[in-house]
Structures are given as structure tokens and as C-alpha cells.
Amino acid sequence: MNYLDKMNRKRIIINGQDRTGWDAEDGTTAQIALIKTLIRWIGKSDKERVLTTNKKASSKLDLSQELDWLIMEIREKGLCLESILSTRKLLIVVDMQEDFVRGALGSPAAEKIVPKVKDKIDECSMDDIIFLRDTHGEDYLETQEGKLLPVMHCIKGTAGHKIISELDTKGYDIFDKPTFGYADLKYELITRYDAGYFYDEIELCGLCTDICIVSNALILKAAFPETTITVDASCCAGTSEERHKAALLTMKSCQVNIM
Ligand SMILES: [Zn+2]
């Protein structure tokens, strides 16, 4: 069963050069999901095309034609269409914001991972990327987190709340979370699943290993026990080296794949 089967919940065969049995009545969302995947694999330079395609998404005929062109391009590049469609990978970039890198709660360890996280995003080896942002209001010091950590940070609308400019967020979803773990992540991914996105592996990177990375990794592990949850240790930094290592060990105990 490949991605197309799962997407349309019926058999669609891709045989040699031909795509047969495509039924355009099967929802535009699913077609867009497939187009996005193919464009990601063809290359970063085609990112703009995703947006153009989305804009004219009202015409099912255009989308079918776009799919034909993409499948042809994939084959011309010598990529295997079947293997592209059978696995999908989601990257979640956690709290790579000014205040955690160079601002109120910044650290040299956080600055050190920036080029690696940037490379990971630019490589485009993922099918999709989600960015999470730690987000507080002016009343931060009155909150439980603020009382225990009385350092104003990631206040919505401030420069410190922004994702660092080195990272290219264009075309990707950004979600604001009011605390360490993003509780709605489960519902967001279930919605995508229903729309035709199936993630075999979810990888996390960003800040901080011992707070927001561990919180979100365990939320995902609880919500999707059959999905491989991976944390790239070289693209994370903790509030200290000791706590970074301790958090990795805790996640490993919970069967999170540490790379
Ligand atoms: Zn915070």
C-alpha cells in the first residue's frame, strides 16, 4: 500500500511511465498534499511553485496536470517515485527564537546549534516542517512559569519572540504554544492525517533539550506510539550540558530515537 492508496482510501496504480485510475473527485486537499511532497523532493528552488499551485487549487484539472509534470520531473531526475511516496518525515523545530538564542535566555550552546539546524531545514530532506514558538503575554510574571523563572522572554509581538532570521520559515506552519509542550500538536497532526498526510517519522530539534524538546517528544510518543519519534542531539541544546545529557537519557528510556 503506498501513499496514494492511503490518501484516497482506494487502489490507484502507478505503473511504469503511466499514472492510471486517478479520480479527480477525490478531494483537492489530498492532491495538494501529494504535490507538496513531490516538489520538496525535486528541490528547494521549487518551493514557490507550491504556493502558486495552492493559489489556483480551485481547478482540479490544473492539479492533475501539475501532478503529471511533477511525476515526469521526478523520473527525469532518476528519483524513485514509489519510495518517495511510501515514507514521509516531519521535522518539528522547537523554540529557535531570539530570546532563547541571543536574547533574555540565550546561551553559547544555543548559538552553536544554529548552523546545524539551518542546514537541516535547507537540506529539504523532510516532507514537511512545523515551527513551534514559546509564547507569553505581558502578564508572564504572574503565571506559574513566570513565578518559577522570573525572566521576561518570548513576549508576543517583541523581537525576542521571533524565530531567528537565519532559519527559513517560508511556506511552513508556525504554532505559538503558551507553555513547554504544545498540547494541540496531537490534534494538528490528526487533522493532517485526515487530509492525507501520513508521517512515518517525526523528528524534533531546537531548544531546550531538558524543557521543550523532552515535553514535546513525550507528547508525540503518547499520541502516536507507532510513529518513530527522533531527536537529533546535535541540533538541540539544554539549559546546561548536564541537563541536556540527562534529558536525552530520559527520552531514550521512553523509546525516543536519539541520533
Ligand atoms: Zn517560556
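Quick caveat, the model's predicted, so the values are computed rather than measured. (Residues numbered from 1 in each chain as written. Predicted model: local features only at pLDDT ≥ 70, side-chain atom pairs only at ≥ 80, totals over all residues.)

Asks: For this particular structure, what's the right way to read the pairing of strand β6 (residues 201-207)?
Replies: In regular strands, side chains alternate between the two faces of the sheet. Where burial is concerned, most of β6 is hidden: six out of the seven residues are buried. Both strand β3 (residues 89-94) and β6 contribute to a ladder of six bridges, which runs parallel. Directly across from K89, in β6, lies its bridge partner E201. Remark: the β6/helix α10 (residues 209-223)/strand β7 (residues 228-237) crossover connection has right-handed handedness. (Buried ≥ 20, exposed ≤ 12 C-beta atoms within 10 Å, placed from the backbone. Helix = DSSP H or I, 4+ residues; strand = E, 2+ residues; numbered from the N terminus. Pairing = 2+ DSSP bridges. Right-handed = clockwise from strand over helix to strand, strands pointing away.)

Asks: What am I meant to see in helix α7 (residues 108-123) here?
Replies: Given 3.6 residues per helical turn, the α-helix brings residues three or four places apart onto the same face. Here α7 contains 16 residues, and its C-alpha end-to-end distance of 24 Å stays within 8% of the 22 Å for a straight helix at 1.5 Å per residue. By the largest-angle criterion, V114 marks the main kink of α7, which is about 35°, and a proline, P115, follows within four residues. On the buried face of α7, the contacting elements are β3, α6 (98-101), β4 (128-134), β6 and β7. (Expected span 1.5 Å × (residues − 1). Bend = angle between axes of the 7 residues up to and from the residue. Contact = placed C-beta atoms within 7 Å.)

Asks: When you look at unusual backbone geometry in this model, what are you seeing that I'm missing?
Replies: Note: most peptide bonds trans; most residues except glycine with negative phi. With omega at -20°, the peptide bond leading from L207 into C208 counts as cis. Within the fold, C208 resides in the loop between β6 and α10. The backbone of D95 sits at a positive phi, close to 50°, despite the residue not being glycine. Along the chain, D95 falls in the loop between β3 and α6. Phi angles above zero are rare outside glycine, and Q255 is one such case at about 65°. Along the chain, Q255 turns up in the loop between α11 (241-253) and β8 (257-258). On the neighbour-count criterion, Q255 (10 C-beta atoms within 10 Å) is exposed.

Asks: Looking at this model, I keep getting lost on the sheet that holds β7. Mind explaining?
Replies: Sheet strands pair via backbone hydrogen bonds, and the direction of the pair is either parallel or antiparallel. Ordered in space as β5-β4-β3-β6-β7-β8, the six strands form an open sheet in which the pairing is parallel. Unpaired on one side and paired on the other, β5 (173-177) and β8 mark the two borders of the sheet. Where α7 meets the sheet, its contacts fall on β3, β4, β6 and β7, and the angle it forms with β7 comes to roughly 130°. Along the sheet face, α10 touches β3, β4, β6 and β7 and points at about 170° away from the line of β7. (Axes fitted to C-alpha atoms, helices over the stretch in contact; angles between N-to-C directions.)

The values reported here are purely geometric and, on their own, carry no functional implication.
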